[in-house]
Amino acid sequence: MTTYDDRASLADLTTTAERVRRSVESVIEGKPEVVRLSLTVLLAEGHLLIEDVPGVGKTMLAKALARSIDCSVRRVQFTPDLLPSDITGVSVYDQQRREFEFKPGAIFAQIVIGDEINRASPKTQSALLESLEERQVTVDGHSYELPSPFMVVATQNPVEMEGTYPLPEAQRDRFMARVSIGYPSAEAELRMLDTHGSVSPLDDLRPVAHAHDVLKLIDAVRGVHVSDAVRRYAVDLVGATRVHPDLRLGASPRATLHLLRAAKATAALAGREYALPDDVQALAVPVLAHRLLPTAQAQLNRRTAEQVVMDILQRTAVPAVAQQPVGDAFFGGQRQPGLRRL
């Protein structure tokens, strides 16, 4: 594995990430925090779940990220009649060779776009479990490794929409982060009318980085230092979700790993070789909230998982570690409003 010990090398890699970010933002108007989170998940070797109402640009974001990187891309439109073999692949008997030949499915790409993932049946959704976690597919007793880098960008409509199935808890837990794009501001929507009114900006989008550039970025993220205090802080946050009275299901140990990896990616994007508690704070809601299940009483009180995570952030002591200014961190160098250092 390649290592990057000096800041100059990290700065060069940060420049590459900046090119990708600007490329995606040329298509997605007025949502810099969403674009940055998408890039963070990519560099942290995770998978992204984009949940929102139809028409706000979920698929456009996934396509823009895929086209900004010169790597293999496949798109899967999830429908109720989609079969698991359509995703993983199938073994076909070759009469001339008198043996079975494996035909790879749509999952065999470096970036896989799963459009409206919660419109497929739970059986088909479960076909993704092995690939999301182990980055391999097993068909007829044989395991096939998936290419690297590998990322699934899945979109889903809210479960209140017609024709949707709720994602199983095991599958939601395999997505590193969930993000909602939301409606654009009036100014951003006006700019969108200018850029999207006649032609699609995706038509002019060209790759600004290669797959091997992404692998170098991932290696740089792996080398980011995380102190024992920051690790303990992440463990305390996740542990608090398991005993909170408003939750009947807390976050898993996998969530702790995802939170630390995402914090390291955020630090690398900010040009730092070390992670801060601020990085963990900024990512707690998108990384943890979609894994939590509120109690029936909390739902009656209209308490969302996001509100519970914010409450935990308020109550959990932040370690007093030696740090420099966060700079251009995940939310533009700003700590989330309402959070306090204890």
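Residues numbered from 1 in each chain as written. Predicted model: local features only at pLDDT ≥ 70, side-chain atom pairs only at ≥ 80, totals over all residues. Heavy atoms only, no water.

A. Up close: the overall build of the protein. A count of helices and strands for the protein gives 14 helices and 13 strands. Burial analysis of the protein (342 residues in total) assigns 51% to the buried set. Within the protein, contacts between residues at least 6 apart in sequence are counted, and of these 79% link residues at least 24 apart. For the protein, the accessible surface area stands at approximately 16,200 Å², while carbon and sulfur atoms represent 51% of it. (Helix = DSSP H or I, 4+ residues; strand = E, 2+ residues; numbered from the N terminus. Buried < 20%, exposed > 50% of the residue type's maximum accessible area, 1.4 Å probe, protein only. Contact = heavy atoms within 4.5 Å. Areas by Shrake-Rupley, 256 points an atom, 1.4 Å probe, with all protein chains shown as cover.)

B. Representation of the pattern of salt bridges in the model. All told, the structure shown has 17 salt bridges when counted by the stated rule. Residues arginine 178 and glutamate 51 are paired through a salt bridge, measuring 3.3 Å at the closest nitrogen-oxygen approach. Within this pair, whereas arginine 178 is found in strand β10 (residues 177-179), its partner glutamate 51 is found in strand β1 (residues 48-51), the two being separated by 127 residues in sequence. (Salt bridge = Lys/Arg side-chain N within 4 Å of Asp/Glu carboxyl O.)

C. Representation of the packing of aromatic side chains within the structure. Considering all chains together, one arrives at three aromatic pairs under this definition. When the ring of phenylalanine 102 is compared with that of phenylalanine 108, the centres are 5.7 Å apart and the planes differ by 65°; the resulting orientation is edge-to-face. Judged by relative accessible area, which is 15%, phenylalanine 102 ranks as buried. Here a set of aromatic residues connected by ring pairs shows up, and it is made of Phe102, Phe108 and Tyr144. (Phe/Tyr/Trp six-rings, centres within 6.5 Å; stacked < 30°, edge-to-face > 60°.)

D. Expanded view of the sheet that holds β10. The parallel open sheet is built from five strands, whose spatial order is β3-β6-β9-β1-β10. Taken across any chain shown, the strands that pair with only one partner, and hence form the sheet edges, are β3 (73-77) and β10. Each strand axis lies, on average, 15° off the axis of its neighbour in the sheet, ignoring direction. Pairing of β1 with β10 involves three bridges; the strand directions are parallel. Within β10, the residue paired with leucine 49 across the bridge is arginine 178. (Pairing = 2+ DSSP bridges. Axes fitted to C-alpha atoms, helices over the stretch in contact; angles between N-to-C directions.)

E. Broad picture of the layout of surface pockets. The space that makes up the second largest pocket amounts to roughly 260 Å³. What lines the second largest pocket is a set of 16 residues, among which Gly55, Val56, Gly57, Pro184 and Met192 lie closest to the centre. For the lining of the second largest pocket, the leading source of residues is helix α8 (residues 186-196), giving four residues. Across the lining of the second largest pocket, the residue classes break down as nine nonpolar, four polar and three charged. (1 Å grid on protein atoms, 1.4 Å probe; cavity = no way out; pocket = protein on both sides within 12 Å on 5 of 7 lines; lining within 4 Å. Points joined across faces, edges and corners; volume = space filled by probe spheres on them. Nonpolar A, V, L, I, M, F, W, Y, C, P; charged D, E, K, R; others polar.)

F. Representation of the confidence of the model for the protein in the model. Averaged over all residues, the pLDDT of the protein equals 84, while 88% of them reach at least 70. In the model, residues 1-8 has pLDDT below 50 throughout and makes 13 contacts with residues more than four positions away in sequence or in other chains. This stretch, residues 323-342, has a pLDDT under 50; its non-local contacts, to residues over four places away or in other chains, come to 52 contacts. (pLDDT = per-residue confidence, 0-100.)

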